[in-house]
Amino acid sequence: FPGLVEVLGRVDGQLAADAVVIGEQGEVEGSITARTIAIKGKVNGEITGESVTLHTGSQMSGEITYQQLVVDAGARVDGRIHRAKSGRLSLETSLV
C-alpha cells in the first residue's frame, strides 16, 4: 500500500505500507511491514522495517526486524530484536 497508514484505533491482522504510524491510542495485533515504522501505542506481533522507532510510552511485544532502530526512554519492548543481515530489507513483495 503506497503512502502513510496511521492507526488511531485497533487493527487485527496485517499492515503493509510505505510508512506506518501507530498513534498513542492505537493497537495492532498482527504484523507490520513498512519502510518507516513509528510506534507510539501498542503492538503485539511482528514488525519488519528499514527504520523503526519505538517512542516513549509505546509497548511492543513480539519480533522486530530492522535496519535502523530507535528506542526512546520509557518505551517497553518484550521479545526478539534483530538487525536484518542484508544491506537492505526486501519489502517490495510485502508492499504489493
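Before any of the text, the structure's been laid out above.
Everything quoted here is computed from the prediction, not taken from an experiment.

Structural notes on the environment of Gly 26
If you trace the backbone, Gly 26 turns up in the loop between strand S2 (10–22) and strand S3 (27–39). Along the backbone, Gly 26 and Gly 41 are 15 residues apart, and their C-alpha atoms lie at a distance of 5.0 Å. In contact with Gly 26, not counting residues within four places along its chain, are Val 7, Leu 8, Gly 9, Gly 41 and Lys 42.

Things to note about the pattern of salt bridges
Two side chains of opposite charge can pair, provided their charged atoms sit close to one another. What the rule picks out here adds up to three salt bridges. When the shortest N-O distance is used, the salt bridge between Glu 27 and Arg 10 registers 3.2 Å. A residue pair is termed long-range when its members are at least 10 positions apart, and Glu 27 in strand S3 and Arg 10 in strand S2 qualify at 17 residues. For Glu 27, a relative accessible area of 31% corresponds to the partly exposed category. Linking Arg 35 and Asp 18 is a salt bridge whose minimum nitrogen-to-oxygen distance equals 4.0 Å. Residue Arg 35 is found in strand S3, and its partner Asp 18 is found in strand S2; the two are separated by 17 residues along the sequence. Take Arg 35: its relative accessible area is 26%, and that puts it in the partly exposed class. When salt bridges with common partners are traced through the structure, they connect Arg 10, Asp 12 and Glu 27 into a single cluster.

Digging into a nonpolar patch on the surface
On the surface, a nonpolar cluster with roughly 210 Å² of combined accessible area is contributed by Val 71, Val 77 and Ile 81. Its location among the elements puts Val 77 in strand S6 (residues 76–83). Look at Val 77 and you get partly exposed, because its relative accessible area is 33%.

Things to note about the layout of surface pockets
If you roll a probe as big as a water molecule over the atoms, it shows you where there is empty space left. The calculated volume of the largest pocket comes to roughly 150 Å³. As for the largest pocket, its lining consists of 13 residues, of which Lys 42, Val 43, Gln 59, Met 60 and Ser 61 are closest to the centre. If you list the elements that add at least two residues to the lining of the largest pocket, you get S3, strand S4 (42–54), strand S5 (59–71) and S6.

Side note on the sheet that holds S6
The pairing of strands in a sheet comes from backbone hydrogen bonds and takes either a parallel or an antiparallel form. The strand order across the open sheet formed by six strands is S1-S2-S3-S4-S5-S6, and the pairing between neighbours is parallel. What marks the edges here is a single partner per strand, and that holds for strand S1 (4–7) and S6. Averaged over all adjacent pairs, the angle separating strand axes in this sheet is 20 degrees, with direction ignored. Inspection of the sheet shows S3 paired to S4 by twelve bridges, in the parallel sense.

What counts and how
- Residues numbered from 1 in each chain as written.
- Predicted model: local features only at pLDDT ≥ 70, side-chain atom pairs only at ≥ 80, totals over all residues.
- Heavy atoms only, no water.
- Helix = DSSP H or I, 4+ residues; strand = E, 2+ residues; numbered from the N terminus.
- Contact = heavy atoms within 4.5 Å.
- Salt bridge = Lys/Arg side-chain N within 4 Å of Asp/Glu carboxyl O.
- Buried < 20%, exposed > 50% of the residue type's maximum accessible area, 1.4 Å probe, protein only.
- Patch = residues over 30% accessible without salt bridge, like charges linked within 9 Å, V, L, I, M, F, W, Y side chains within 5 Å.
- Areas by Shrake-Rupley, 256 points an atom, 1.4 Å probe, with all protein chains shown as cover.
- 1 Å grid on protein atoms, 1.4 Å probe; cavity = no way out; pocket = protein on both sides within 12 Å on 5 of 7 lines; lining within 4 Å.
- Points joined across faces, edges and corners; volume = space filled by probe spheres on them.
- Pairing = 2+ DSSP bridges.
- Axes fitted to C-alpha atoms, helices over the stretch in contact; angles between N-to-C directions.

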